[in-house]
Amino acid sequence: MKLKDIAEKLDCELRGDPEIEILGVAGIQEAESTDLTFVSNPKYARKVKDSSAGAIILSPEAPPSEIPTLISPNPYLTFARAVELFYAPPIPIPGIHPTASVAETAVLGEDYSIGANVVVGEHVSIGDGAVLYPNVTIYPHAKIGDDFIAHSNSVVREHTSIGNRVILQNGAVIASDGFGFAPREDRSYYKIVQSGVVILEDDVEVGANSCIDRATVGETRIGRGTKIDNLVQIGHGSKVGEDSVLAAQTGLAGSSDIGSRVMLAGQVGVAGHLRIGDDVIATAQTGIARSVKDGSKISGTPEMESGLWKKNYILMHNLQGLVREVKQLRKDLEALKEK
Amino acid sequence: MKLKDIAEKLDCELRGDPEIEILGVAGIQEAESTDLTFVSNPKYARKVKDSSAGAIILSPEAPPSEIPTLISPNPYLTFARAVELFYAPPIPIPGIHPTASVAETAVLGEDYSIGANVVVGEHVSIGDGAVLYPNVTIYPHAKIGDDFIAHSNSVVREHTSIGNRVILQNGAVIASDGFGFAPREDRSYYKIVQSGVVILEDDVEVGANSCIDRATVGETRIGRGTKIDNLVQIGHGSKVGEDSVLAAQTGLAGSSDIGSRVMLAGQVGVAGHLRIGDDVIATAQTGIARSVKDGSKISGTPEMESGLWKKNYILMHNLQGLVREVKQLRKDLEALKEK
Amino acid sequence: MKLKDIAEKLDCELRGDPEIEILGVAGIQEAESTDLTFVSNPKYARKVKDSSAGAIILSPEAPPSEIPTLISPNPYLTFARAVELFYAPPIPIPGIHPTASVAETAVLGEDYSIGANVVVGEHVSIGDGAVLYPNVTIYPHAKIGDDFIAHSNSVVREHTSIGNRVILQNGAVIASDGFGFAPREDRSYYKIVQSGVVILEDDVEVGANSCIDRATVGETRIGRGTKIDNLVQIGHGSKVGEDSVLAAQTGLAGSSDIGSRVMLAGQVGVAGHLRIGDDVIATAQTGIARSVKDGSKISGTPEMESGLWKKNYILMHNLQGLVREVKQLRKDLEALKEK
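Being a predicted model, the structure only gives us computed values, none of them experimental. (Residues numbered from 1 in each chain as written. Chains lettered and ligands numbered in written order. Predicted model: local features only at pLDDT ≥ 70, side-chain atom pairs only at ≥ 80, totals over all residues. Heavy atoms only, no water.)

Moving on: the sheet that holds strand E37 (residues 297-299) of chain B. Residue and element names in this part refer to chain B. Taken in spatial order, the 12 strands make up an open sheet running E6-E9-E12-E15-E18-E23-E26-E29-E32-E35-E37-E38, and their pairing is mixed. The outermost strands of the open sheet, each flanked by one partner alone, are strand E6 (95-96) and strand E38 (304-305). In the sheet, strand E9 (residues 113-114) pairs with strand E12 (residues 131-132) via two bridges, with the strands oriented parallel. Across the sheet, the residue bridging to Ser113 is Val131, located in E12. (Pairing = 2+ DSSP bridges. Helix = DSSP H or I, 4+ residues; strand = E, 2+ residues; numbered from the N terminus.)

On to the interface of chain A and chain C, then. Facing the 63 residues of chain A at the interface are 73 residues of chain C. Where chain A abuts chain C, roughly 5,300 Å² becomes buried across the two surfaces, and 63% of that area is made up of carbon and sulfur atoms. If you look at where chain A meets chain C, you find five salt bridges. Our count for the contact surface shared by chain A and chain C stands at 29 residue pairs in polar contact (both at pLDDT 80 or more). Of all the elements in the fold, those that place two or more residues in the side of chain A that touches chain C are helix H2 (75-86), strand E26 (227-228), strand E29 (245-246), helix H3 (306-317) and helix H4 (319-338) of chain A. The biggest single contributor to the side of chain A that touches chain C is H4 of chain A, with 11 residues. (Contact = heavy atoms within 4.5 Å. Buried area = accessible area lost by both parts, 1.4 Å probe. Salt bridge = Lys/Arg side-chain N within 4 Å of Asp/Glu carboxyl O. Polar contact = N/O pair within 3.5 Å; in protein donor to acceptor, adjacent residues only side chain to side chain.)

Take H2 of chain A next. Every α-helical turn comprises 3.6 residues, leaving residues that sit three or four positions apart pointing alike. Compared with an ideal rise of 1.5 Å per residue, which puts 12 residues at 16 Å, H2 of chain A spans 17 Å between its outermost C-alpha atoms and is within 8% of the ideal. Taken together, the buried positions of H2 of chain A are occupied by Pro75, Leu77, Thr78, Phe79, Ala80, Ala82 and Val83 of chain A. (Expected span 1.5 Å × (residues − 1). Buried < 20%, exposed > 50% of the residue type's maximum accessible area, 1.4 Å probe, protein only.)

Turning next to the packing of aromatic side chains. Under the counting rule described, the total for this entry stands at 15 aromatic pairs over all chains. For the ring pair Tyr139 of chain A and Tyr133 of chain B, a centre distance of 5.1 Å and an interplane angle of 20 degrees mean the geometry is stacked. Of the two residues, Tyr139 of chain A sits in the loop between strand E13 (137-138) and strand E14 (143-144) while Tyr133 of chain B sits in the loop between E12 and strand E13 (137-138), which places them in two different chains. Given a relative accessible area of 16%, Tyr133 of chain B falls into the buried group. In textbook terms, an aromatic cluster arises when at least three aromatic residues are bridged by ring pairs, as seen for Phe38, Tyr76 and Phe79 of chain A. (Phe/Tyr/Trp six-rings, centres within 6.5 Å; stacked < 30°, edge-to-face > 60°.)

Function cannot be read off these values alone, since they describe shape.
Now the structure itself:
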């Protein structure tokens, strides 16, 4: 594809040779002479001159490059759209595969692809444009919006409510039973029926083998646009705001209340019944044991302000030195006393 | 349902208006005038007067409330039973779905529901009342008791032994191969056949996408009544006692020996070949590197007594101050020496 | 089986009674008079005399035992092969189960077992000796080598490339979408098509419910012989070398570069874009925030040299004592000044 055609499709100003032929997209270090690449973070601007890329997407503020350039206010977003020009995932086969089991009382919209062995339960409704890959199971009474994509082995349990453009990666489990048990006198546990519902708002994505639990009563809700990575646990009755990002292997205990635009890095844990404010950032493996104010940046277990945690970490490297110095001070002090 | 009828079904003394109409159950903060709620923890007793609930379950010791009250020695357990009065999960369809594949040598008890695409292997036996949701797979030679519930995509591997009233949430894997490899001279690994069995005793529940590994030889055993949350890893050859609770994303390395009534909070890790005594409590993200005595409460990585860990945490907040003070002491001491 | 026959099959020198009858294999503590056991670690040599085993595998350097002995330079490896003499997993049924859906354009080698409800997509190729257990899904365009074993509910996504003798445990997900989203002006996210591929080289094993993500562009690669345990997350664009071992619940963020013969213990986390050198060992729950040199042994979050971390841990037990001593030093110093 000629660069001028790409510029037109991506609605970008073009600087340099418009006739150059681009055959693919690549990261700045891997890109070859027929690849389009990008630099988003000004920190990496100096990598531009070492790149072998055929063309590059840059922001208007970036220093001009000798490489033919597409100008975009958001180079990363433009790159994301460029990827789509060169790659299309395999097209799901339209219609219902003969081995699928769709209940008679289920209602499907238009333009669907229901793969082999898919099971759609009684009274389910699904909007237009659904793609259910093989071996997906939808339990009875789920209500699902348009443009739903469910990858193989994902499961939607009974009474779940799902908005538009929601994506479930492989093995994602929506609305498994919450971990609720009432202790009896003899310390054995009585299972509490989990009658709550899970609600996924529009544009939510749930990663592979992640689990979102239903509660005893009430709802578990994931807000519009929130993205959940793989192997994440969302405890029963939790609520996550809009456009938040939960990285892999993060876990929320029950009744967590997570704000909007929150970023929890990998393997973060949040104890039960806490409020994590809007725009909070928690670095990887943070263990959050108390509620956290809007806009905080936190680290450590239990969590503290990230800056403090970093300073402590440096001091910890010399904890032995500190202990030795205290012992030496005692000796010196006693020696002084003697005199 | 009238409150007097609920009182009768739950076998509770009723104080206040017996004719009040209850339409559902809810948490104390969400409950409305037609909801039944409960307070179990005396700490929350003061929330009673602010609640809009139509009726409440309280212990005999709780201060009397103006809200119509059901008296129970175990309000949480009574609430659990109340939930069942207002909610019933969708009833599984009896019989064997035509798309299920049940081996001719498999033996099923009475009153079963075998969903679409379920696969039951050769020589499997399953007791009465089994509910196998769509896409469940039971490998050959598994022996399973009565009232077994297996949710979609759960898997029971060959030769597993399962007691009565066991529940597998979606995607749970029982008896995957243990992580056992013998290093060769050249540092490559030779896979060791995992010939061991997994045993789940009565009343065990295994959470969504959790994994319980079989061992090279011998057994991996989960004791009666133990509850395992989502995304938990049980290493090969481990043994867990009775009525223990393992919260989400906890991991046991191989040959762990966990006692009874143990509570491991979320994201706890236990190193291999350790004994964790009865009634141990480990707080979230604890990393257990040594055997732990009965009744201990532990925190941190590696673990220490929880009280010590909390005090250290507070001191860590002022680690910088401590370092500064030690430097100042040195200065002051040297100044004194000069004199 | 007579011990002399076992010695012959395992190619070991036999010391002691060759006629003894062996019926099984077991760990040294559980072994009974008809069991064969082994001692590999010289540390456990003293356990030999307390063992009730009928026969034992020992290294040539081990002190001679009264128990009939097989001599092997690698007792653990010999034991691994001995297990195979006494246990064979159920044999998968040859051919294609009538409920499986194999695309017409898919190419299978010889001697396969394709279980119930297996789905093999368009243009997939699989070599000889494949065993696909029930409910496995292979997306279109995957290329797979010989002797592939895929357990129930494992998934191989589109365009994945898999070598020979690869094993997927139950629920493993190969090539789920990487966690890649471009932020828009309004802080919402635009999903980036993940056009990259996942490559599993020869002799890789992936544990139950583990996830290996595809990247936006380029490849995610797991090197020859590397073994991945259960519930592990491999972020998009990561690369793992040969004969490395990733224990359960470990997570690699995107673009990780892990060397060969690396051992990451359970629940380790690796931040994005880091190089972890060859032969690195990270103990359980280590949080790796910087690149790590070849041969390092590390612990803690963020990581430090394991020896330093252990010393700090001991000092932490007396942090309160240190703080008290510093306060006392201040008092004593001030008292001295007064004089």
